[in-house]
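Residues per chain, in single letters:
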Amino acid sequence: GQLAKSWLVSYAGNFLGSVGLAALVAAGGTLAASGAPVATAVAKTSLSFKQAFVRGILCNWLVCMAVYMASMAKDLPGKIVAIWFPISAFIALGLEHSVANMFIVPLGILSGAAVTWKAFLLKNLLPVTLGNIVGGAVCVGAAFCSVFGSA
């Protein structure tokens, strides 16, 4: 009940905010000139469902571990180090995060990428979101609950 409502509201807010920001960035022409958003949108929507799903699992596993480790750190430098390495790894490995993709793929589309909104939603956002849920809820949340119990 409440978890589903929180996820839905958060997801919708992230989607609307990300697409809105992508529209502003595209209108301002600040990132589109490099061509990177177009190439990124094409690459992200060219993955197989399985590749996008698995990259989503691995990505959110790292993101959730970063959040968990940062919450355990006692001071700001400890929090920075706890976040830095897992997030840097997810970027360096080319993993997929649904909220990050809610910005970069629409920016690519608005900048002229040969990608449809349907392709974005079905070939990237759906499998990545499902993978992110498994990575966060199963690989981190359920694993920690099974070891440490629930609060």
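Trainee: Just checking my understanding: could you explain the packing of helix H5 (residues 98-110) against helix H6 (residues 117-148) for this structure?
Mentor: Two quantities define a packed helix pair, namely the angle between the axes and the distance from one axis to the other. Contact geometry for H5 and H6: axes closest at 10 Å, N-to-C directions at 165°. Looking at the two axes, H5 sits roughly antiparallel to H6. When you trace H5 past H6, the crossing you get is right-handed. Mapping the contact onto sequence places Ser98, Asn101, Met102, Val105, Pro106 and Ile109 in H5 and Trp117, Phe120, Asn124, Leu125, Val128, Thr129 and Asn132 in H6. Along the lines of polarity and charge, the residues of the contact of H5 with H6 split into 8 nonpolar, 5 polar and no charged.

Trainee: Before we go on, may I ask you to explain the side chain of Asn132 in this structure?
Mentor: Inspection of the secondary structure puts Asn132 in helix H6. In terms of polar contacts, Asn132 uses its side chain to reach the backbone amide nitrogen of Ser98, at 2.8 Å. Apart from the residues within four sequence positions on either side, Asn132 is in contact with Gly56, Ile57, Cys59, Asn60, Glu96, His97 and Ser98.

Trainee: Hey, could you run me through a nonpolar patch on the surface in this one?
Mentor: On the surface, a nonpolar cluster with roughly 720 Å² of combined accessible area is contributed by Leu3, Trp7, Phe49, Leu121, Leu122, Leu126, Leu130 and Ile133. Sort the elements by how many residues they give to the nonpolar patch and H6 lands first, with 5 residues. Of note, Leu3 is situated in helix H1 (residues 2-28).

Trainee: Please clarify how the side chain of Asn124 should be interpreted in this entry.
Mentor: With respect to the element layout, Asn124 can be found in helix H6. Only 3.2 Å separates the side chain of Asn124 from the backbone oxygen of Lys44, close enough to count as a polar contact. Residues contacting Asn124, with those up to four places away along its chain left out, are Lys44, Thr45, Glu96, Asn101, Val105 and Ala119.

The rules behind these values
Residues numbered from 1 in each chain as written. Predicted model: local features only at pLDDT ≥ 70, side-chain atom pairs only at ≥ 80, totals over all residues. Heavy atoms only, no water. Axes fitted to C-alpha atoms, helices over the stretch in contact; angles between N-to-C directions. Helix = DSSP H or I, 4+ residues; strand = E, 2+ residues; numbered from the N terminus. Parallel < 35°, antiparallel > 145°, perpendicular 65-115°, else oblique. Left-handed = near helix turned anticlockwise from the far one by under 90°. Contact = heavy atoms within 4.5 Å. Nonpolar A, V, L, I, M, F, W, Y, C, P; charged D, E, K, R; others polar. Polar contact = N/O pair within 3.5 Å; in protein donor to acceptor, adjacent residues only side chain to side chain. Patch = residues over 30% accessible without salt bridge, like charges linked within 9 Å, V, L, I, M, F, W, Y side chains within 5 Å. Areas by Shrake-Rupley, 256 points an atom, 1.4 Å probe, with all protein chains shown as cover. Salt bridge = Lys/Arg side-chain N within 4 Å of Asp/Glu carboxyl O.

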